[in-house]
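Chain by chain, the residues:
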Amino acid sequence: MSKIDVTKTGSPVTGSPVIDVTARAQHCMLMSAAGDALGYPVEFAVRLDARHPAGFRAFPDPGLISDDTQMALFSAEAVLEVRRTGRPISDEAEHAYRRWLVTQDERPGRHAGDAGLLGEAWLYHRRAPGTTAPAALNGNGRVRPDTRGCGAVMRAHPFGLQMDKTPRQCFDDAVAAGKTTHGHQDAWMPAGVLAFVVRALLDGASVRVAVRGALKLIPRESRTAMLLMQALHLSNQAPRQFSNCLDRLPRLGAGWSGDEALAMGVYAVLAQESSADILALAVTHDGDSDSTGAIAGAIAGAAGYEIPEAWLDRLEGAALIRQMGISLVDLPAGIPYPGQGLTKPA
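Residues numbered from 1 in each chain as written. Predicted model: local features only at pLDDT ≥ 70, side-chain atom pairs only at ≥ 80, totals over all residues. Heavy atoms only, no water.

## Structural notes on the overall build of the protein
Stage number 1. A count of helices and strands for the protein gives 15 helices and two strands.
Stage number 2. Taking 20 Å as the expected radius of gyration for a compact globule of 346 residues, we find that the protein reaches 18 Å, a close match to that expectation.
Stage number 3. Projected onto its principal axes, the C-alpha positions of the protein cover 55 × 50 × 40 Å.
Stage number 4. Burial statistics for the protein: of 346 residues in total, 58% are counted as buried.
Stage number 5. Contacts spanning at least 24 positions in sequence make up 75% of the contacts within the protein whose residues lie at least 6 apart. (Helix = DSSP H or I, 4+ residues; strand = E, 2+ residues; numbered from the N terminus. Rg over C-alpha atoms; globule rule 2.2 N^0.38 Å. Buried < 20%, exposed > 50% of the residue type's maximum accessible area, 1.4 Å probe, protein only. Contact = heavy atoms within 4.5 Å.)

Spelled out as C-alpha cells, the structure:
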C-alpha cells in the first residue's frame, strides 16, 4: 500500500526546522525502553543517590525491559489495531492490555503461531508488573476510582506518535486508554499529558512549550498540574550541575504515582543536556526508577535525543521496539496530516 510522506515535517508559517519524524519516533520508543532498562535493576534500591552521586549509569547487559515497555508495546499495537478495525481506542487498548496479561500468565509455546505481539516469545516474562492493571483486567471490568499509580502514564507515549492526530487528540486517546485500568485523574491525566507532549515535540515544540500546552487541558488545582509546574520551576534553578539537580529531584516525589512519575521525567529532560545524563538523573532515586526512566526517555527521544550506541546494542527487543516507532508514524495514504502545533519559542 502506498504511503504519504510524513518522514520530514516543517512549518512554513513559523519557520520551524525540518524534523525527521520517523527518526524521532524511533528515538522515543528506544529511549523510553533504555530508561526502563536502566532503572529496572534499581527500582527498589535504597539511598541510590548517595551511593551514585554522579547518577546510576551502569546499563545492564543485557538491558532487560520491565512491564513498562512491555505494556507500551501493546499500547502501540492498540493504535495500529484502531487503524485496521476503526473501533474506539478504549476498546482496542483494553483488548491489547489483556493480550499483555496473557504474556504474564501463559507460556509462549501456546501462541507461537499468533500474529502480532502474542507471537513474540521474548515478551513472555514477568518483570515486576504492578497490581493495578492486572486486577482491572482480570476482573469484570471494574476499575477502582482510587488507583493513581504510574501504570497508565508509563505506557502512554505511543499514543503521541500518531501523525494523523493533533496533540489534543493524542491526549484524549491516552486518557481513554488509561481509564481502562486506572480510576484516579492523577493516573490517567498524566498519560494524556505525556502523549500530548510527545506529539507536540514531533511538531517542533520545545519540551517546555509542549508541557505548558498540556497544562491548559487539565485542572490547575490537580496534583498533576501542580507537580508539573513545580518541575518547570525547579528546572530553571541554578546551579545546574548534575549533583544539584539530583538533590532537587526528590521534591517531586518518588514516582510511584502517575503525577509524580510524569513530573520527575519532565524535570530530568529539562535539567540535563545529554541522553545519558537525562536517564541517569531520572532513575537515581529511591522510587519507581524504571517508570521515571521510561517517561524521561520517551520525552527526550521525541525531542531528538538518541539512545547511546553502547546501550542500544544491549537493549532487549531493540529491533521490534524500533519498528513499532516506525509503524506508528507510517501513515496509510489518504489520512490527512493535521499540520503543525505548538511551535512558538520557549
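## Side note on the confidence of the model for the protein
Parts of the prediction with low pLDDT should not have their coordinates interpreted in detail.
Stage number 1. Per-chain confidence: the protein averages 90 in pLDDT, with 90% of residues scoring 70 or above.
Stage number 2. Below pLDDT 50 for its whole length, residues 1–15 participates in 38 contacts with residues either more than four positions away or in separate chains.
Stage number 3. Predicted confidence is poor over residues 337–346, with pLDDT under 50, and the contacts of this stretch with residues over four places away or in other chains come to 33 contacts. (pLDDT = per-residue confidence, 0-100.)

## Structural notes on unusual backbone geometry
Stage number 1. In this model, Asp 61 is joined to Pro 62 through a cis peptide bond whose omega is 5°.
Stage number 2. Each neighbour pair has its own omega, and for Ala 238 with Pro 239 the value is -5°, a cis peptide bond.
Stage number 3. Along the polypeptide, Pro 239 turns up in the loop between helix 9 (223–235) and helix 10 (242–248).
Stage number 4. In the Ramachandran plot, Ala 128 falls in the positive-phi region, its phi being about 50° despite a non-glycine side chain.
Stage number 5. With respect to the helices and strands, Ala 128 occurs in the loop between helix 4 (89–105) and helix 5 (132–138).
Stage number 6. Judged by its relative accessible area of 37%, Ala 128 is partly exposed.

## Regarding the state of the cysteines
Stage number 1. Scanning all chains against the criterion turns up zero disulfides.
Stage number 2. With no disulfide partner, Cys 28 has as its closest neighbouring cysteine sulfur the one in Cys 170, 11 Å distant. (Disulfide = S-S within 2.5 Å.)

## Regarding the packing of helix 11 (residues 258–271) against helix 13 (residues 289–302)
Stage number 1. Between helix 11 and helix 13, whose axes approach to 8 Å, the crossing angle comes to 50°. Judged on the interaxial angle alone, helix 13 and helix 11 are oblique. Considering the relative orientation of helix 11 and helix 13, their crossing is right-handed. Where helix 11 approaches helix 13, its residues Ala 261, Leu 262, Met 264, Gly 265, Val 266, Ala 268 and Val 269 are matched on the opposing element by Thr 292, Ile 295, Ala 296, Ile 299 and Ala 300.
Stage number 2. Here the contact of helix 11 with helix 13 is composed, by residue class, of 10 nonpolar, two polar and no charged. (Axes fitted to C-alpha atoms, helices over the stretch in contact; angles between N-to-C directions. Parallel < 35°, antiparallel > 145°, perpendicular 65-115°, else oblique. Left-handed = near helix turned anticlockwise from the far one by under 90°. Nonpolar A, V, L, I, M, F, W, Y, C, P; charged D, E, K, R; others polar.)

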